[in-house]
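# Structural features, examined
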Amino acid sequence: AFYLVSGSVRVDEEVVSGPLLIVFKKEEPIAFKAIEDTHGMLLGGEPLDAPRLIWWNFVSSSKERIEQAKRDWRERRFPEVPGETEFVPLPEEK
C-alpha cells in the first residue's frame, strides 16, 4: 500500500491526490509516479497474524485489551502528551 499524505501521483493512467491510502493487489507489480512535490509512506509485508479491532484511538487483536485501554484512559493511566494541556474524554458508546 502507499499512504499518500500530500501531493499527487499517477497510478497506471489515473492521477490521485492525498490524503489517500492506495492499496495494491497482492503479488502484482506496482508502479506509481509523483507528478508534483509529494509526501507519502510505502507500506508492505506479511499479513497480520489475526484480525485487528479498532475502537476510537485503540487498535488490538483482543477485545479485552481494548476494554482495558478504555478503563486506563478514563482513569488517566496513559502518559501525558508533552505540551498538551487538555484531556479528551472517551466518546460515548452507542
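Quantities reported herein were computed from a predicted structural model and do not represent experimental measurements.

## Section: the side chain of D72
- With respect to the helices, strands and loops of the structure, D72 is situated in helix α1 (residues 63–74).
- In this structure, D72 is in contact with R65, R77 and F78, ignoring residues within four places of it in sequence.

## Describing the packing of aromatic side chains
- Under the definition given, this model contains 10 aromatic pairs.
- Ring centres 5.9 Å apart and planes at 15 degrees place the aromatic pair F58 and F78 in the stacked group. One end of the pair, F58, is in strand β8 (residues 58–60); the other, F78, is in the segment after α1, and 20 residues separate them in sequence.
- Residue F58 is classed as buried on the basis of its relative accessible area, which comes to 8%.
- Taking relative accessible area as the criterion, F78 reaches 32% and is therefore assigned partly exposed.
- The ring of W55 carries the charged tip of K70 above its face, separated from the ring centre by 4.2 Å.

## A word on a nonpolar patch on the surface
- Residues Y3, V5, L21, V23, M41 and L43 make up a contiguous nonpolar surface patch of about 540 Å² in total accessible area.
- With respect to the helices, strands and loops of the structure, Y3 is situated in strand β1 (residues 2–6).
- Taking the relative accessible area as the measure of exposure, Y3 reaches 33% and is therefore partly exposed.

## Comments concerning unusual backbone geometry
- Going from G18 to P19, the amide bond is cis rather than trans, its omega being 5 degrees.
- Locating P19 in the fold gives a position in the loop between β3 (14–17) and β4 (20–22).
- One non-glycine residue with positive phi stands out, namely E27, at about 65 degrees.
- When its relative accessible area of 75% is taken as the criterion, E27 is described as exposed.
- The phi dihedral of W56 is positive, around 55 degrees, even though this residue is not glycine.
- Tracing the backbone shows W56 in the loop between β7 (53–55) and β8.

## Quick look at the confidence of the model for the protein
- The predicted model of the protein has a mean per-residue pLDDT of 92, with 100% of residues at 70 or higher.
- At the low end of the mean pLDDT range in the protein sits strand β5 (residues 32–34), at 92; at the high end sits α1, at 97.

Parameters and conventions
Residues numbered from 1 in each chain as written. Predicted model: local features only at pLDDT ≥ 70, side-chain atom pairs only at ≥ 80, totals over all residues. Heavy atoms only, no water. Helix = DSSP H or I, 4+ residues; strand = E, 2+ residues; numbered from the N terminus. Contact = heavy atoms within 4.5 Å. Phe/Tyr/Trp six-rings, centres within 6.5 Å; stacked < 30°, edge-to-face > 60°. Buried < 20%, exposed > 50% of the residue type's maximum accessible area, 1.4 Å probe, protein only. Lys NZ or Arg CZ within 6 Å of the ring centre and 35° of its normal. Patch = residues over 30% accessible without salt bridge, like charges linked within 9 Å, V, L, I, M, F, W, Y side chains within 5 Å. Areas by Shrake-Rupley, 256 points an atom, 1.4 Å probe, with all protein chains shown as cover. Salt bridge = Lys/Arg side-chain N within 4 Å of Asp/Glu carboxyl O. pLDDT = per-residue confidence, 0-100.

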